[in-house]
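As a plain string of letters, each chain reads:
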Amino acid sequence: MTDLFDPIDIGPIHAANRIVMAPLTRARATRDHVPTPIMVEYYKQRADAGLIISEATGISREGLGWPWAPGIWSDEQVEAWKPITQAVHDAGGKIVCQLWHMGRQVHSSVSGQQPVAPSAIAAPGQIHIYEGKADHEVPRELEVAEIPRLLDDYENAARNALKAGFDGVQIHAANGYLLDEFLKDSTNKRTDEYGGSAENRIRLLREVTERVISAVGKERTGVRLTPTGDTVGCVDSDPEAVFIPAVKALQELDIAFLEMREPGPEGTFGKTDQPKLSPKIRQVFHKPLGLNQDYTLEEAQRAVQNGEADFIAFGRRFISNPDLVTRFKEGLPLADDNIKTWYSQTEEGYIDYPTAH
């Protein structure tokens, strides 16, 4: 029987265990979105994870609207990522870069330009900006003529990720950001070839994935999805109708792995009564499949042992337990994180959580 602590091969990435560190925005880069030295220590401390998925990393200035989040579109950013990936590798770990375009969740005070989205519909609520929080802005509808430029941005970021020493990339197509906005009918009201039918709404995800594969190879390309639930007003009325075909398309492209966040009725970040799609996705996607959402160790073990998933991604637990794999393996108590320091730009609550030994 497969165990959570068994190794797994994800393309050419040999992961020592099936405990994956989920992408976690921590806001420790510079205001110009360049990684900083304390990020080296942060990722190195967590290298016991079978695989680290980096924090969401901007593919372009247009697509990055989170204060102090890192990017990977410039040479300066690439050079600043190199000591981070080297430190993870030196500690025996593996790390892929999550490629991020925030779509309508970008704020112009951070990016310097109006956000873009499939349709000109503002997200509800507020977004983090440098001065605190602000209402979401109305995005402009991305023009079909701009799609080639967008694909170029993804390809450039993917190539840069390998230059920076990452073992691969994960395309962020989840959480109400640009690609998710194209997939879901609450945010995509287009009437052209990128809107309307499920086939059309899947088109951009497929094109982005093809371009990333052209840059780094299918064996180093993964995707993240959130098929169900409402994330900042991004929700689909019939997730199965669009996400099963989307995953079939990713299977045809032969990507290396798929990771999904599936909130349940009692989710800590987002709740939904929409049924989980992972059992049906498992039937059509035959590469390594990872699940993520509020798993306990026991639930994670059960999911892997039952074949529901090949790996489980943990987020918040890795914030306050840099040695999470050791704590799980030895049955040690877990430390709680401090939400006040998630995005504080300081070492506190970032690299000062103690290990168990």
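Owing to the predicted nature of the structure, the values given are computational and were not obtained by experimental measurement.

Draft legend 1. View of the overall build of the protein. Scanning the protein for helices and strands turns up 11 helices and 14 strands. A globule of 357 residues ought to have a C-alpha radius of gyration of about 21 Å, and the protein, at 19 Å, matches this closely. Counting only residues that meet the buried cut, the protein has 60% of its 357 residues in that class. On the protein, roughly 13,500 Å² of surface is accessible, and the fraction owed to carbon and sulfur atoms is 48%. If the 38 positive side-chain charges of the protein are averaged to one point and the 53 negative ones to another, these points end up 1 Å apart.

Draft legend 2. The arrangement of the packing of aromatic side chains in detail. Within the structure shown, the criterion is met by 11 aromatic pairs. Pairing Y42 with Y350 gives two aromatic rings, centres 4.2 Å apart and planes at 10°, and the pair type is stacked. Of the two residues, Y42 sits in helix α1 (residues 37–45) while Y350 sits in the segment after α11 (324–330), which places them 308 residues apart along the sequence. Assigned by exposure class, Y42 and Y350 land together as buried. Cluster of aromatic residues (ring-pair linked, three or more members): Y42, Y43, W81, F166 and Y350. The side chain of R31 reaches across the aromatic face of Y130, ending 3.9 Å from its centre.

Draft legend 3. Quick look at the nonpolar core. Core analysis: the biggest nonpolar cluster contains 85 residues, and Y43, I72, L99, L225, L258 and I312 have the highest contact counts within it. If you look at the next biggest cluster of nonpolar residues, it comprises 15 residues, including A69, W73, M102 and I127.

Draft legend 4. Fine view of the packing of helix α6 (residues 198–216) against helix α7 (residues 239–253). Direction vectors running N to C along α6 and α7 enclose 25°, while the axes themselves pass 10 Å from each other. Between α6 and α7, the interaxial angle falls into the category roughly parallel. The two elements α6 and α7 cross, and the hand of that crossing is right-handed. Contact with α6, carried on its side by A198, R201, I202, L205, R206, T209, E210 and I213, involves A241, V242, P245, A246, A249, L250 and L253 of α7 and no other residues of that element. Taken together, the residues of the contact of α6 with α7 break down into 11 nonpolar, 1 polar and 3 charged.

Draft legend 5. Representation of the sheet that holds strand β5 (residues 95–100) within the structure. Spatial strand order, β3-β4-β5-β10-β11-β12-β13-β14: 8 strands in a closed barrel with parallel pairing. Here the average twist between neighbouring strands, direction ignored, is 25°. Bridge analysis of strand β3 (residues 19–21) against strand β4 (residues 51–58) gives 2 bridges, and the strand direction is parallel. If you follow M21 over to β4, its bridge partner there is I52.

Draft legend 6. Fine view of helix α9 (residues 297–305). Within α9 the residues assigned to the buried category are L297, A300, Q301, A303 and V304. Looking straight down α9, one finds that the buried residues subtend no more than 165° of arc, so they occupy a single side. Contacts made by the buried residues of α9 are with β14 (311–314) and α11. G307, located one to two residues past α9, shows a positive phi value of around 80°.

Here is what the cut-offs are and how they apply
- Residues numbered from 1 in each chain as written.
- Predicted model: local features only at pLDDT ≥ 70, side-chain atom pairs only at ≥ 80, totals over all residues.
- Heavy atoms only, no water.
- Helix = DSSP H or I, 4+ residues; strand = E, 2+ residues; numbered from the N terminus.
- Rg over C-alpha atoms; globule rule 2.2 N^0.38 Å.
- Buried < 20%, exposed > 50% of the residue type's maximum accessible area, 1.4 Å probe, protein only.
- Areas by Shrake-Rupley, 256 points an atom, 1.4 Å probe, with all protein chains shown as cover.
- Lys, Arg positive; Asp, Glu negative; His and termini not counted.
- Charge placed at Lys NZ, Arg CZ, Asp CG, Glu CD.
- Phe/Tyr/Trp six-rings, centres within 6.5 Å; stacked < 30°, edge-to-face > 60°.
- Lys NZ or Arg CZ within 6 Å of the ring centre and 35° of its normal.
- Core = buried A, V, L, I, M, F, W, Y, C linked by side-chain atoms within 4.5 Å.
- Axes fitted to C-alpha atoms, helices over the stretch in contact; angles between N-to-C directions.
- Parallel < 35°, antiparallel > 145°, perpendicular 65-115°, else oblique.
- Left-handed = near helix turned anticlockwise from the far one by under 90°.
- Contact = heavy atoms within 4.5 Å.
- Nonpolar A, V, L, I, M, F, W, Y, C, P; charged D, E, K, R; others polar.
- Pairing = 2+ DSSP bridges.
- Arc of directions from axis to C-beta.

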